[in-house]
Amino acid sequence: MFRRKKVDERREILLQAFYNLEDKLTSKLDPADAIVAFTATDDKTNKINTILVMGGHLAEENERILVIDANLRADELEEMKGYYNKRGFVDCLLGDYALDEVLVKENDNLHLLMTGRVADYEDMYLEPSAIKSFFDEAMVKYDYIFVNTKENIDIAEANVFCGLADKTVILTNEEATRTYLLEESVDQLESVGAKILGVVVTDYEYQSDELDDLFGGN
């Protein structure tokens, strides 16, 4: 019983922390910041789930959201949703597919775009101009486009996607903040002109005075 109460308290803390984080991120967006890329220092940040939850919350507020999985190496969104071998993002860019043909509609306001069949285009090159053009065309239908990318350190395409977005969010963990990883992630993003909106530490442990602030205390 006591263990269950402790688990429930932790869930409540994490949920409130997420809502506060979501509010801070969206409040920092300028009216023209519609395309937001999400990258990470490593694969232990629960990135794709964070993106989906945030997109879902905004969709509930009648914002039109498109979540694109631009991780060309892992198919994170396919894995989470169970849509395997589905056409998607790269098929729109390099194949003869329209966006409406490959969308997965979670509801009226939240639409998902899987990575697509990357292996079908192994001899082709993704042109930044084609990516930017795709983003511009998609923005006619959506209020926000959230772009999931591979962890960006030494991953060229992840940095390119972030550089083409209006803003970029870096997800990390406490260990990475104490090593070179976070600094290296930031340096590589800045080298391609990415505008960093903020850094999210996903395994942060709150102190008692911070919990008061989290829940609106003194």
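Residues numbered from 1 in each chain as written. Predicted model: local features only at pLDDT ≥ 70, side-chain atom pairs only at ≥ 80, totals over all residues. Heavy atoms only, no water.

S.K.: Explanation requested: the side chain of T41 in the structure shown.
M.R.: Note that T41 resides in the loop between β1 (35–40) and α2 (47–60). Among the polar contacts listed, one links the side chain of T41 to the side chain of T172, at a separation of 2.9 Å. (Helix = DSSP H or I, 4+ residues; strand = E, 2+ residues; numbered from the N terminus. Polar contact = N/O pair within 3.5 Å; in protein donor to acceptor, adjacent residues only side chain to side chain.)

S.K.: Whenever I open this one, the pattern of salt bridges confuses me. Can you help?
M.R.: When the charged atoms of two side chains lie near each other, side chains of opposite charge can form a pair. This model, assessed by the stated rule, comprises twelve salt bridges. K167 is the partner of D33 in a salt bridge, and the nearest nitrogen-oxygen pair spans 2.7 Å. Of the two residues, D33 is situated in the loop between α1 (2–28) and β1 and K167 in strand β6 (residues 167–172); the sequence distance between them amounts to 134 residues. Exposure class is identical for D33 and K167. Each is buried. (Salt bridge = Lys/Arg side-chain N within 4 Å of Asp/Glu carboxyl O. Buried < 20%, exposed > 50% of the residue type's maximum accessible area, 1.4 Å probe, protein only.)

S.K.: In this structure, what is going on with helix α7 (residues 156–164)? I would like to understand it.
M.R.: Each α-helix turn comprises 3.6 residues. Residues three or four places apart therefore point the same way. When we look at burial in α7, the residues that qualify are E157, A158, N159, F161, C162 and L164. Against the buried residues of α7 lie β1, α4 (89–94), α6 (128–138), β6 and α9 (181–191). (Contact = heavy atoms within 4.5 Å.)

S.K.: When you look at the sheet that holds strand β7 (residues 196–201) in this model, what are you seeing that I'm missing?
M.R.: Backbone hydrogen bonds hold the strands of a sheet together, and the pairing may be parallel or antiparallel. Reading across the sheet, the seven strands line up as β3-β4-β2-β5-β1-β6-β7 and stay open at both edges, with mixed pairing between neighbours. What marks the edges here is a single partner per strand, and that holds for β3 (104–105) and β7. Bridge count for strand β2 (residues 65–69) against strand β4 (residues 110–113) is four bridges, and the pairing is parallel. Among the inter-strand pairings, I68 is bridged to a residue of β4, identified as L113. (Pairing = 2+ DSSP bridges.)

S.K.: Hey, could you run me through the nonpolar core in this one?
M.R.: Nonpolar side chains in soluble globular proteins tend to end up buried together. By size, the foremost hydrophobic cluster in this structure holds 32 residues, and its most contacted members are I68, F89, F134 and F135. Looking at this core, the elements that each hand over two or more residues are β1, β2, α4, α5 (99–102), α6, β5 (144–148), α7 and α9. Excluding residues that lie within four positions of it along the chain, F89 makes contacts with I68, D69, A70, L113, M114, T115, G116, I131, F134, F135 and F161. Within the second largest apolar cluster, 23 residues are counted, among which are A40, L52, M114 and V169. (Core = buried A, V, L, I, M, F, W, Y, C linked by side-chain atoms within 4.5 Å.)

S.K.: Sorry if this is basic, but what is going on with the packing of aromatic side chains here?
M.R.: One pass over the full model with this rule turns up six aromatic pairs. Seen in terms of ring centroids, F89 and F135 are 6.4 Å apart; in terms of plane orientation they differ by 10 degrees. Their pairing is stacked. In this pair, F89 is assigned in helix α4 and F135 in helix α6, connecting sequence segments 46 residues apart. Taking relative accessible area as the criterion, F89 reaches 0% and is therefore assigned buried. Since its relative accessible area comes to 0%, F135 is described here as buried. Pairing F89 with F161 gives two aromatic rings, centres 5.7 Å apart and planes at 55 degrees, and the pair type is tilted. Of the two residues, F89 is situated in helix α4 and F161 in helix α7; the sequence distance between them amounts to 72 residues. Following the ring pairs from residue to residue traces out a cluster consisting of F89, F134, F135 and F161. (Phe/Tyr/Trp six-rings, centres within 6.5 Å; stacked < 30°, edge-to-face > 60°.)

Read these as spatial facts, not as claims about activity.
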